[in-house]
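Tertiary structure, described
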Amino acid sequence: MLFHDLLQQSCLLPAVSSYLRNDSVLDMARHIPLYRAVLQLLRAMALSPQLVSLLLPQDRRQKSSHGDELSVVCLLTKMKNCVDTYASRLKINKSKGNGKSRLPSKYQDEIEQDEGLALLIPDIQETANLVQVATDRLVLEDDVEAPTGKDSLVSGNLEFPMQRSVEERYLEVMKQLQFDTYEMITECSEGGYQFVVSYHFESNMRAAGERSHPSRVKRLAQETVTLSTSLPLSYSSSVFVRCDTDRLDIMKVLITGPAETPYANGCFEFDVYFPSDYPNSPMLINLETTGHHTIRFNPNLYNDGKVCLSVLNTWHGRPEEKWNAQTSSFLQVLVSIQSLILVPEPYFNEPGYERSRGTPSGNQSSREYNSNICQATVKWAMLEQVRNPCPCFREVIHTHFWMKRQEIVNQIEGWISDMETQCGDRRTGRAISLNALALKRHFRQLREELGKLKTPEGLDDLADPAFQLASSPPASAVQSALDSKDTSPVVGSSSQGFAPLGPAGGLTNSQKHSAEENVHHDIDTDIEMEKMVSKVCE
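Residues numbered from 1 in each chain as written. Predicted model: local features only at pLDDT ≥ 70, side-chain atom pairs only at ≥ 80, totals over all residues. Heavy atoms only, no water.

1. Quick look at the overall build of the protein
Stated precisely, the cut-off is as follows: Every helix listed is a DSSP run of H or I at least four residues long, and every strand listed is a run of E at least two residues long, numbered separately from the N terminus. Only protein chains enter the accessibility calculation, which uses a 1.4 Å probe; a residue whose area is less than 20% of its type maximum is buried, one above 50% is exposed, and one in between is partly exposed. Here a residue-residue contact requires only that any non-hydrogen atoms of the pair lie within 4.5 Å.
Helix and strand counts for the protein stand at 21 helices and seven strands. Within the protein, buried positions represent 47% of all 538 residues. For the protein, long-range pairs separated by at least 24 residues make up 71% of all intrachain contacts whose partners lie at least 6 apart in sequence.

Quick look at the structure:
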């Protein structure tokens, strides 16, 4: 046991754990001897009855503890999953290429350099399986020998875990939906292929033709490994990615707007294409959530979908901010969009406007700009997404809006209240009033759609019947809200205009029909209203 204690107190295991945390298969390939030595050490420890316990978390009874995530056995399992993903993606994309074409000599040399990695991957898989079997056997033996008493109480507590918060449940559920494949392309019976979902870069992809250069395929395979383990996930804002089942160069992205921004809880969809010379040039990205090209959500997000970022080489910047084939990554681009574009005050992203930050004029312009973004977010990044979700993200969108429905209602009510306090400004009051009016209309429709959402599987305990009852206003409330358009746009408490379902308050059939016609008319004039608002803002 002396050697056991010595290893336990040494820096060897923390050093080994740091190597196992690496999710870059290409980086492992550059350090083959190091990782072969680490794996040999772990196999020796797994075969030693005295040392195998060091591969488990210190308190191995509590398998659900946070410490388990940092244990050697868990880190090794994650590394195995990474190389499994890499190998499978690499195999699929190579098999889709033209195997008869001879590659240039520089690619042949690159393939020869991969022989070490080809040996390392099965070594990782074998070691992970051996360590898993050895540690499972040790835990089983301990469970059999453990006396009843304190340990049984621990086991009993695991059967009745503490009730988790909505935030914890949200993260748990959405983590499983973050990265996946989706069949975006199918083969045609008469030959060729076609897209089954809308894709902005279809013409680019068809024009590019062959895409099986080894360096590009390996880089894309590594990108998917990183995405599958490292995408941003939080209750405030998360990133979701779908790649085509057979082609890694075709992807779609969904980003939920960060809290405390005019994009909060909206779902913004992007199309992504990796060109034939990737990674020498950056990927192409286009925003699809543009209100049919009527809304410019940000100075960096054009209404035609163009995304302006230095790292994408679509905006001038310092040399170190430009795309670098060796150091830049797709994950870096996604984080940049999430943190540098979807910000609390996007008005100041416009070149030259930053100097007005903190001035009365700058603050007024920023509030006016945000009021337009808020109503557009509710209309196009919430309401439209609920009604017509992209098939790739249907489950993500449904689950996101269902789990956060009450928070979204409270959030929009807060936006409306804030706009009401700003309507009196002489310079920006008219534009903000128009935005508040549009926002209230979108809000009413969104609440109805949220009330129609079915409870996702496994989340029945979070269902709130009271929300469903209060989601749709009666006809009298609809008429009252419509009548309010002729006066100043005022929304008071959360119950104003959104009373629980009940009798129609004595409305005649003709009155009900009139209210319904007005609702349909409102929906038809949404785009015209938004165009007018944008014109006023200009």
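2. Quick notes on the side chain of Asp249
The test is simple: Counting of polar contacts relies on pairs of N or O atoms within 3.5 Å, with two restrictions inside protein: one atom must be capable of donating a hydrogen and the other of accepting it, and residues adjacent in sequence are counted only when both atoms are side-chain atoms.
Note that Asp249 resides in the loop between β4 (239-244) and β5 (250-256). On the accessibility criterion, Asp249 (0% relative accessible area) is buried. Side chain to side chain, Asp249 and Arg247 meet in a polar contact 2.5 Å long.

3. A look at the packing of helix α2 (residues 12-20) against helix α4 (residues 32-46)
As a reminder, the rule being used: Axis definition: a line fitted to C-alpha atoms, over the contacting stretch in the case of helices. Angles run 0 to 180 degrees between N-to-C directions. Just so you know how the angles are binned, under 35 degrees is roughly parallel, over 145 roughly antiparallel, 65 to 115 roughly perpendicular, and the rest oblique. For any helix crossing, the convention is left-handed if the near helix is rotated counterclockwise from the far helix by under a right angle, and right-handed if that rotation is clockwise. Each residue is assigned to one of three groups, with Ala, Val, Leu, Ile, Met, Phe, Trp, Tyr, Cys and Pro labelled nonpolar, Asp, Glu, Lys and Arg labelled charged, and all others, Gly among them, labelled polar.
Packing of α2 against α4 leaves a shortest axis separation of 11 Å and a crossing angle of 125°. Comparing their axes, α4 and α2 come out oblique. Judged by the sense of rotation from one axis to the other, the crossing of α2 with α4 is left-handed. Residues Leu12, Leu13, Val16, Tyr19 and Leu20 of α2 touch α4, and the partners they reach there are Leu34, Tyr35, Val38, Leu41, Leu42 and Met45. Here the residues of the contact of α2 with α4 sort into eleven nonpolar, no polar and no charged.

4. Observations concerning the environment of Glu449
Looking at the secondary structure, you find Glu449 in helix α17 (residues 429-452). Beyond its immediate chain neighbours, meaning those up to four positions away, Glu449 contacts Leu383, Val386 and Arg387.

5. A word on the state of the cysteines
Linking two cysteines covalently through their sulfur atoms gives a disulfide. Using the following cut-off: Throughout, disulfides are identified as pairs of cysteine sulfur atoms within 2.5 Å of each other.
Under the criterion given, the structure shown has zero disulfides. Free cysteine Cys390: the closest other cysteine sulfur is in Cys392, separated by 3.9 Å. Overall, the relative accessible area of 9% leaves Cys390 in the buried class.

6. Some remarks on the sheet that holds strand β1 (residues 179-182)
Put simply, the rule is: Two strands form a pair only when DSSP identifies at least two bridges running between them.
On the basis of which strands lie adjacent, the open sheet formed by five strands has the order β1-β4-β5-β6-β7 and mixed pairing. Edge positions in the sheet fall to β1 and β7 (284-287), since each of these pairs with one other strand and no more. Across the sheet, the mean angle from the axis of one strand to that of its neighbour is 25°, orientation sign disregarded. Docked against the sheet, helix α12 (residues 214-230) engages β1, β4, β5 and β6 (267-273), running at close to 130° with respect to β1.

7. Here we look at the pattern of salt bridges
Let me state the cut-off plainly: Salt bridge, as applied in this entry: a Lys or Arg side-chain nitrogen positioned within 4 Å of an Asp or Glu carboxyl oxygen.
For the structure on display, the rule yields 19 salt bridges. Note that Asp27 is salt-bridged to Arg30, the shortest N-O span being 3.6 Å. For Asp27, a relative accessible area of 23% gives the class partly exposed. Overall, the relative accessible area of 61% leaves Arg30 in the exposed class. Here Glu320 makes a salt bridge to Arg318, at a shortest N to O gap of 2.9 Å. One network of salt bridges, in which partners are shared, links Arg36, Arg43 and Asp123.

8. Some thoughts on helix α15 (residues 394-403)
Side chains of residues three or four places apart in an α-helix project in the same direction, reflecting 3.6 residues per turn. Here α15 lies mainly inside the structure; seven of its ten residues are buried. Three or more residues of α15 are buried, namely Val396, Ile397, Thr399, His400, Phe401, Trp402 and Met403.

9. A closer look at the environment of Ile185
Structurally, the position occupied by Ile185 is in strand β2 (residues 185-187). Remark: the alpha-carbon pair of Ile185 and Val196, spanning eleven residues in sequence, is separated by 5.9 Å.

10. Some remarks on the packing of aromatic side chains
Here is the rule: Aromatic rings from Phe, Tyr and Trp, with only the six-membered ring used for Trp, were paired whenever their centres fell within 6.5 Å, and each pair was classed as stacked if the ring planes differed by under 30 degrees, edge-to-face if by over 60, and tilted otherwise. Consider the ring centre and the ring normal. A charge sits over the ring if Lys NZ or Arg CZ is within 6 Å of that centre and within 35 degrees of that normal.
According to the stated counting rule, one finds twelve aromatic pairs in the structure shown. Taken together, a centroid distance of 6.0 Å and an interplanar angle of 65° make the contact between Tyr347 and Tyr369 edge-to-face. Of this pair, Tyr347 sits in the loop between α13 (330-341) and α14 (360-387) while Tyr369 is found in helix α14, placing the two residues 22 residues apart along the sequence. Taking relative accessible area as the criterion, Tyr369 reaches 21% and is therefore assigned partly exposed. The residue whose ring lies beneath Lys306 is Tyr302, and the NZ or CZ to ring-centre distance is 5.5 Å.

11. Let's talk about unusual backbone geometry
Here the amide bond leading from Tyr278 into Pro279 is cis, since omega sits at 10°, within 30 degrees of zero. Secondary-structure assignment places Pro279 in the loop between β6 and β7. For Asn265, which is not glycine, the phi dihedral falls at a positive 70°. The topology assignment puts Asn265 in the loop between β5 and β6. One non-glycine residue with positive phi stands out, namely His292, at about 60°. Under the relative-accessibility criterion, His292 is labelled exposed at 58%.

12. Things to note about α2
Convention followed: Relevant arc is that of directions from the helix axis to the C-beta atoms, nothing else.
Among all positions of α2, only Leu13, Val16, Ser17 and Leu20 are buried. Axial view of α2: buried residues confined to an arc of 100°, hence all on one face.

13. Concerning the nonpolar core
Going by this rule: What is meant by a nonpolar core is a set of buried Ala, Val, Leu, Ile, Met, Phe, Trp, Tyr and Cys residues, joined one to another through side-chain atoms within 4.5 Å.
By size, the foremost hydrophobic cluster in this structure holds 79 residues, and its most contacted members are Phe270, Met283, Ile285 and Phe330. Ignoring any residue separated from it by four or fewer positions in sequence, one finds Phe270 in contact with Met251, Lys252, Val253, Ile255, Ile285, Asn286, Leu287, Glu288, Leu301, Val307 and Ile337. One finds Tyr199, Phe201, Ala264 and Met403 within the second-largest nonpolar core, a separate group that totals 45 residues.

14. Some words on the environment of Val253
In this fold, Val253 is placed in strand β5. Relative accessible area serves as the criterion here: at 0%, Val253 is assigned to the buried category. When the C-alpha atoms of Val253 and Leu287 are compared, they prove to be 9.3 Å apart, with 34 residues separating the residues in sequence. Not counting the four nearest positions on each side in its chain, Val253 is found in contact with Val239, Phe240, Val241, Phe268, Glu269, Phe270, Val272, Phe330, Leu334 and Phe393.

15. Things to note about the confidence of the model for the protein
Spelled out, the test is: For every residue, the predictor reports its confidence as pLDDT, a number between 0 and 100.
For the protein, the mean per-residue pLDDT works out to 80, and 76% of the residues sit at or above 70. Below a pLDDT of 50 lies the segment residues 97-109, which in the model reaches eleven contacts outside its immediate sequence neighbourhood of four places, other chains included. Within the model, pLDDT remains below 50 along residues 150-162, and this stretch shows five contacts once partners closer than five positions in the same chain are excluded.

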